[in-house]
Amino acid sequence: MARKENALDLGKFIDKGVRVKLSGGREVQGVLKGYDQLLNLVMDETEEFLRDPEDPLRTGSQVRKLGLVVCRGTAVMMVSPTSGTEEIANPFQNAEEP
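Please read all numbers here as calculations on a predicted model, not as lab measurements. (Residues numbered from 1 in each chain as written. Predicted model: local features only at pLDDT ≥ 70, side-chain atom pairs only at ≥ 80, totals over all residues. Heavy atoms only, no water.)

1. Description of the overall build of the chain
Part 1 of the argument: Looking only at helices and strands, the chain features 0 helices and 5 strands.
Part 2 of the argument: Out of the 98 residues in the chain, the part that is buried amounts to 22%.
Part 3 of the argument: Pairs at least 24 residues apart make up 42% of the contacts formed inside the chain by residues separated by at least 6 positions.
Part 4 of the argument: Summed over its atoms, the accessible surface of the chain is roughly 7900 Å², and 51% of this surface lies on carbon and sulfur atoms. (Helix = DSSP H or I, 4+ residues; strand = E, 2+ residues; numbered from the N terminus. Buried < 20%, exposed > 50% of the residue type's maximum accessible area, 1.4 Å probe, protein only. Contact = heavy atoms within 4.5 Å. Areas by Shrake-Rupley, 256 points an atom, 1.4 Å probe, with all protein chains shown as cover.)

Laid out in structure tokens, this is it:
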């Protein structure tokens with residue numbers, strides 16, 4: 001019997017940096033150490049990007065070091081590698097509000 005392939009193969013990110021967006025608006029970044037079929041993630045050297053108090057939809061420049069964490073799979077919204085990505089300006093946001 002052929003092995004069923006997952007749509008999300010996190011195996012290639014083991015021992016590499018990942019950034020994870022969680023439900024509720026939290027964002028963390030660290031080294032992926034393990035995962036399971038329910039998308040529970042084990043991350044080390046983890047940092048949480050704190051929200052900007054004036055704009056809760058935006059992450060601020062402050063980070064909080066968390067160390068070794070387990071992210072529950074039901075809370076994981078997005079997983080992306082940290083290498084090869086960069087933040088760009090929002091092309092849909094106007095410089096001036098009407």
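2. Remarks on the pattern of salt bridges
Part 1 of the argument: For the coordinates displayed, the defined rule picks out 6 salt bridges.
Part 2 of the argument: Glutamate 27 is paired through a salt bridge with arginine 19; the nearest N and O atoms lie 2.8 Å apart.
Part 3 of the argument: Classification of arginine 19 as partly exposed rests on a relative accessible area of 22%.
Part 4 of the argument: Of the charged contacts, one joins lysine 65 and glutamate 47 as a salt bridge, the two residues approaching to 2.6 Å between their closest N and O atoms. Placement of lysine 65 in strand S4 (residues 59–71) and of glutamate 47 in strand S3 (residues 41–51) is noted, with a sequence separation of 18 residues between them.
Part 5 of the argument: Given the relative accessible area of 21%, glutamate 47 is considered partly exposed. (Salt bridge = Lys/Arg side-chain N within 4 Å of Asp/Glu carboxyl O.)

3. Thoughts on the nonpolar core
Part 1 of the argument: Ranked by size, the top nonpolar core spans 13 residues in total, and within it Val20, Leu41, Met43 and Cys71 carry the most contacts.
Part 2 of the argument: Ranked by residue count, the leading element in this core is strand S1 (residues 17–22), at 3 residues.
Part 3 of the argument: In this structure leucine 41 touches Leu10, Val20, Leu32, Gly34, Tyr35, Val69, Val70, Cys71, Val76 and Val79, once residues within four positions along its chain are discounted. (Core = buried A, V, L, I, M, F, W, Y, C linked by side-chain atoms within 4.5 Å.)

4. Some thoughts on the sheet that holds S3
Part 1 of the argument: Read across the sheet, 5 strands follow the order S4-S3-S2-S1-S5 without closing on themselves; strand pairing throughout is antiparallel. This sheet does not close on itself; its edge strands, each paired only once, are S4 and strand S5 (76–81). Between one strand axis and the next, the sheet turns through 30° on average, direction left out of account.
Part 2 of the argument: Across 5 bridges, the pairing between S1 and S5 is antiparallel. Looking across to S5, one finds that lysine 21 is bridged to methionine 78. (Pairing = 2+ DSSP bridges. Axes fitted to C-alpha atoms, helices over the stretch in contact; angles between N-to-C directions.)

5. Re a nonpolar patch on the surface
Part 1 of the argument: Together, Val42, Leu68 and Val70 line one region of the surface with nonpolar side chains, adding up to about 280 Å² of accessible area.
Part 2 of the argument: Of note, leucine 68 is situated in strand S4. (Patch = residues over 30% accessible without salt bridge, like charges linked within 9 Å, V, L, I, M, F, W, Y side chains within 5 Å.)

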